[in-house]
Amino acid sequence: MTNSDDRQPRYRRILIKLSGEALMGSADYGIDAAFLRRLATEIAAVRELGVQAGIVIGGGNLFRGAGLARAGMDRVTADQMGMLATVMNSLALQDALESIGVFARVMSAIRINEVCEDYIRRRAVRHLEKGRITIFAAGTGNPFFTTDTAASLRAVEIEADLLLKATKVDGIFDSDPVGNPAARRYERLTYQQVLDQRLNVMDATAIVLCRDHLLPLRVFNLNEPGALVRAARGEDIGTLVTN
Ligand code: UDP
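Keep in mind that what you see is a predicted model, and the values were worked out from it rather than measured. (Residues numbered from 1 in each chain as written. Predicted model: local features only at pLDDT ≥ 70, side-chain atom pairs only at ≥ 80, totals over all residues. Heavy atoms only, no water.)

**Digging into the overall build of the protein chain**
Alright, step 1. Scanning the protein chain from terminus to terminus reveals 8 helices and 11 strands.
Alright, step 2. In terms of principal-axis extent, the alpha carbons of the protein chain reach across some 45 × 40 × 35 Å.
Alright, step 3. By the burial criterion, 50% of the 243 residues in the protein chain qualify as buried.
Alright, step 4. For the protein chain, contacts bridging at least 24 residues in sequence account for 70% of all contacts bridging at least 6.
Alright, step 5. Accessible surface for the protein chain amounts to roughly 11,700 Å². Of this, 48% is attributable to carbon and sulfur atoms.
Alright, step 6. Side-chain charges of the protein chain comprise 30 positive and 29 negative groups, with the mean position of each set lying 4 Å from the other. (Helix = DSSP H or I, 4+ residues; strand = E, 2+ residues; numbered from the N terminus. Buried < 20%, exposed > 50% of the residue type's maximum accessible area, 1.4 Å probe, protein only. Contact = heavy atoms within 4.5 Å. Areas by Shrake-Rupley, 256 points an atom, 1.4 Å probe, with all protein chains shown as cover. Lys, Arg positive; Asp, Glu negative; His and termini not counted. Charge placed at Lys NZ, Arg CZ, Asp CG, Glu CD.)

Laid out in structure tokens, this is it:
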């Protein structure tokens with residue numbers, strides 16, 4: 001969705017994918033309250049643009065199913081713990097948003113009615129239309145999936161114009177920019193290039209969903225202050241993946 005007037009946001013509705021690790025900020029486990037406050041302020045600024053925002057958060061700062069399974073746990077139970085971890089992160093973000101006066105709703109893919117609403121697509125769209133930040137918790141609700149796939153799925157379901165994937169680096173690179181200072185950033189890629197070159201952005205299931213539903217994906221650096229708002233406004237930062 002484009003708009004020739006630069007003061008108007010380019011997107012009507014977006015889905016932001018945050019990893020659980022992002023919530024750790026400078027800590028090594030759990031949630032960094034100072035980082036969460038900054039994140040809430042940036043999400044509030046996206047809302048101020050008039051862009052409807054859905055959010056999917058991972059759980060990697062607390063539990064990842066694959067890691068627990070490697071330690072000997074049954075994989076399905078481990079993934080259920082991972083999904084519950086995403087619910088905790090979602091509640092923390094909802095709290096941080098509400099504390100600065102932004103209306104937010106957590107909707108879970110697994111039923112925990114004492115804690116939050118169930119994910120019901122029509123109700124989610126209604127929340128978004130009313131300008132509430134809608135946080136999709138518990139991934140897809142199924143083991144053996146990731147929250148990246150949940151992000152693509154929810155983005156397609158709510159008919160988002162863009163999927164914004166927050167990372168710790170400035171976009172997609174030809175090699176790991178943390179280990180290799182000569183790594184080159186791609187400005188644009190196709191979904192197929194991401195799949196063929198096995199570029200480490202999101203798992204293949206998530207990329208295929210974006211590809212098959214022509215959902216543009218932008219990868220950007222969440223640690224750069226203001227980057228989330230700039231990406232939501234449609235500025236050309238990070239890496240854009242399209243057909
Ligand atoms: N998970 C799952 N199904 C889903 C989404 C997530 O079973 O649809 C589990 C899985 O165990 C995963 C954990 O939840 O490791 C946390 O999600 P993820 O690893 O995607 O979090 P992130 O890496 O983004 O922090």
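Further notes follow.
**Considering the packing of aromatic side chains**
Alright, step 1. Counting across every chain of the model gives 1 aromatic pair.
Alright, step 2. Their ring planes at 80° and their centres at 5.5 Å tell us that Tyr-119 and Phe-136 sit as a pair that is edge-to-face. Pair noted here: Tyr-119 is in the loop between strand E4 (117–118) and helix H4 (121–129) and Phe-136 is in strand E5 (residues 133–137), with a separation of 17 residues, a long-range link. With respect to burial, Tyr-119 and Phe-136 carry one shared label: buried.
Alright, step 3. One cation-aromatic arrangement involves Arg-154 over Tyr-119; the distance from NZ or CZ to the ring centre is 3.6 Å. (Phe/Tyr/Trp six-rings, centres within 6.5 Å; stacked < 30°, edge-to-face > 60°. Lys NZ or Arg CZ within 6 Å of the ring centre and 35° of its normal.)

**Some words on the site of the ligand**
Alright, step 1. Taken together, 20 residues lie around the ligand, and Gly-20, Asp-79, Thr-140, Asn-142 and Thr-147 are the ones closest in.
Alright, step 2. With respect to the ligand, the backbone of Gly-65 contributes an N or O atom lying 2.8 Å from an oxygen atom.
Alright, step 3. A distance of 2.5 Å is found between an oxygen atom of the ligand and a side-chain nitrogen or oxygen belonging to Asp-79.
Alright, step 4. About the coverage of the ligand: the protein hides 93% of its 520 Å² of free accessible area.
Alright, step 5. Considering each element in turn, the shell around the ligand owes the most residues, 3 residues, to helix H3 (residues 75–99).
Alright, step 6. Classifying every residue of the shell around the ligand gives 4 nonpolar, 13 polar and 3 charged. (Near = heavy atom within 4 Å. Polar contact = N/O pair within 3.5 Å; in protein donor to acceptor, adjacent residues only side chain to side chain. Nonpolar A, V, L, I, M, F, W, Y, C, P; charged D, E, K, R; others polar.)

**Description of unusual backbone geometry**
Alright, step 1. We note that Phe-144 has phi near 70°; this positive angle belongs to a residue other than glycine.
Alright, step 2. Its identity is not glycine, yet Leu-214 carries a phi of approximately 50°, on the positive side.
Alright, step 3. Here Leu-214 lies in the loop between helix H7 (204–212) and strand E10 (217–221).
Alright, step 4. Looking at Leu-214, the relative accessible area reads 58%, which means it is exposed.

**Some words on helix H1 (residues 33–48)**
Alright, step 1. For H1, built from 16 residues, the straight-helix expectation of 22 Å at 1.5 Å per residue is met to within 8% by its first-to-last C-alpha distance of 23 Å.
Alright, step 2. If you check which residues of H1 are buried, you get Phe-35, Leu-36, Leu-39, Ala-40, Glu-42, Ile-43, Ala-44 and Val-46.
Alright, step 3. Check the buried side of H1 and you find it contacts strand E1 (13–18), strand E2 (52–57), H3, E5 and helix H8 (227–233).
Alright, step 4. Its side-chain oxygen 3.0 Å from the backbone nitrogen of Ala-34, Asp-32 forms the N-cap of H1.
Alright, step 5. Positive phi shows up at Gly-50, right after H1, with a value of about 90°. (Expected span 1.5 Å × (residues − 1).)

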